[in-house]
Amino acid sequence: MITRLQPIGLLIGRVVLGVVFIAHGWQKFSTNGMDATVQGFDSLGIPAPALAAYFTVGAEIIGGAMLVLGALLPLAGLALAGVMLGAMYFVHPLNGAFFSQEGGYEYVLLLAALSIAIGFSGGGALALDSLWLNNVGDKKESDEPARAESMA
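Being a predicted model, the structure only gives us computed values, none of them experimental. (Residues numbered from 1 in each chain as written. Predicted model: local features only at pLDDT ≥ 70, side-chain atom pairs only at ≥ 80, totals over all residues. Heavy atoms only, no water.)

1. Remarks on the environment of Pro 47
Under the convention used in this document: Runs of H or I in DSSP of at least four residues are treated as helices and runs of E of at least two as strands, each being numbered from the N terminus. Burial classification: accessible surface area is computed with a 1.4 Å probe over protein chains only, and a residue below 20% of its type maximum counts as buried, one above 50% as exposed, and the rest as partly exposed. Contacts: residue pairs with any heavy atoms within 4.5 Å of one another.
Along the polypeptide, Pro 47 turns up in the loop between α1 (2-43) and α2 (49-69). Overall, Pro 47 belongs to the exposed group, its relative accessible area being 54%. Considering only alpha carbons, one finds Pro 47 and Phe 90, 43 residues apart in sequence, at a separation of 9.8 Å. Those residues in contact with Pro 47 that lie beyond four places of it in its chain are Ala 52 and Phe 90.

And the structure:
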């Protein structure tokens, strides 16, 4: 029973996490604007603030969409976890509070961990990665007998 529900659980996790990242990226891009986002990154002491701001927004919007679709999940998970670890270091320092309502790193740590977990989960049967990887696996399995016969 759990095995049959796992793809649905992964789908829900991917979609919810992806939507959260898309919303945060869209806020930086559209609501705040990129100029304000770059200035904000600069005021936080983030190195190369323009590059970091554009990478962050791109990772959040594109990576979030990739999570929703279940496409290139390891790449999306690593990019999003990297952005969150950067936020943990520059925005929510480890020497501060833990809980997010106190300015702590709890939320970004959770997002980083979930990004890695879902990124390397395979995404389940409803992920594009899973569909593609299953097709690749099917070809390898179907090619094996032919290879064995040709070697005999």
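2. Focus: the packing of aromatic side chains
Basically, it comes down to this: Any two of the Phe, Tyr and Trp rings considered here, Trp counted by its six-membered ring, make a pair once their centres fall within 6.5 Å; the pair's planes then place it as stacked at under 30 degrees, edge-to-face at over 60, or tilted in between.
Applying the stated rule across the entire model yields four aromatic pairs. Aromatic side chains Tyr 89 and Phe 90 sit 4.8 Å apart centroid to centroid with 85 degrees between the ring planes, which places their arrangement in the edge-to-face category. A residue is classified by how much of its surface remains accessible, and Tyr 89, at 61% relative accessible area, is exposed. Take Phe 90: its relative accessible area is 29%, and that puts it in the partly exposed class. For the pair Phe 98 and Tyr 105, a centre-to-centre distance of 5.3 Å together with 85 degrees between the ring planes defines the contact as edge-to-face. These aromatic residues form a ring-pair network of at least three members: Phe 98, Phe 99 and Tyr 105.

3. Structural notes on the nonpolar core
Here is a general trend for soluble globular proteins: nonpolar side chains tend to be buried in one another's company. Rules: Take the buried Ala, Val, Leu, Ile, Met, Phe, Trp, Tyr and Cys residues and link them wherever side-chain atoms come within 4.5 Å; each set so joined is a nonpolar core.
Core analysis: the largest hydrophobic core is formed by 17 residues, its most contacted members being Leu 17, Phe 21, Leu 67, Leu 80, Met 84, Val 108 and Leu 111. Looking at this core, the elements with two or more residues in it are α1, α2, α3 (73-90) and α4 (106-119). For this core, the element with the highest residue contribution is α3, accounting for seven residues. Beyond its immediate chain neighbours, meaning those up to four positions away, Leu 111 contacts Leu 17, Val 20, Phe 21 and Met 84. Membership of the second largest hydrophobic core comes to seven residues, among which are Met 34, Val 38, Ala 53 and Val 57.

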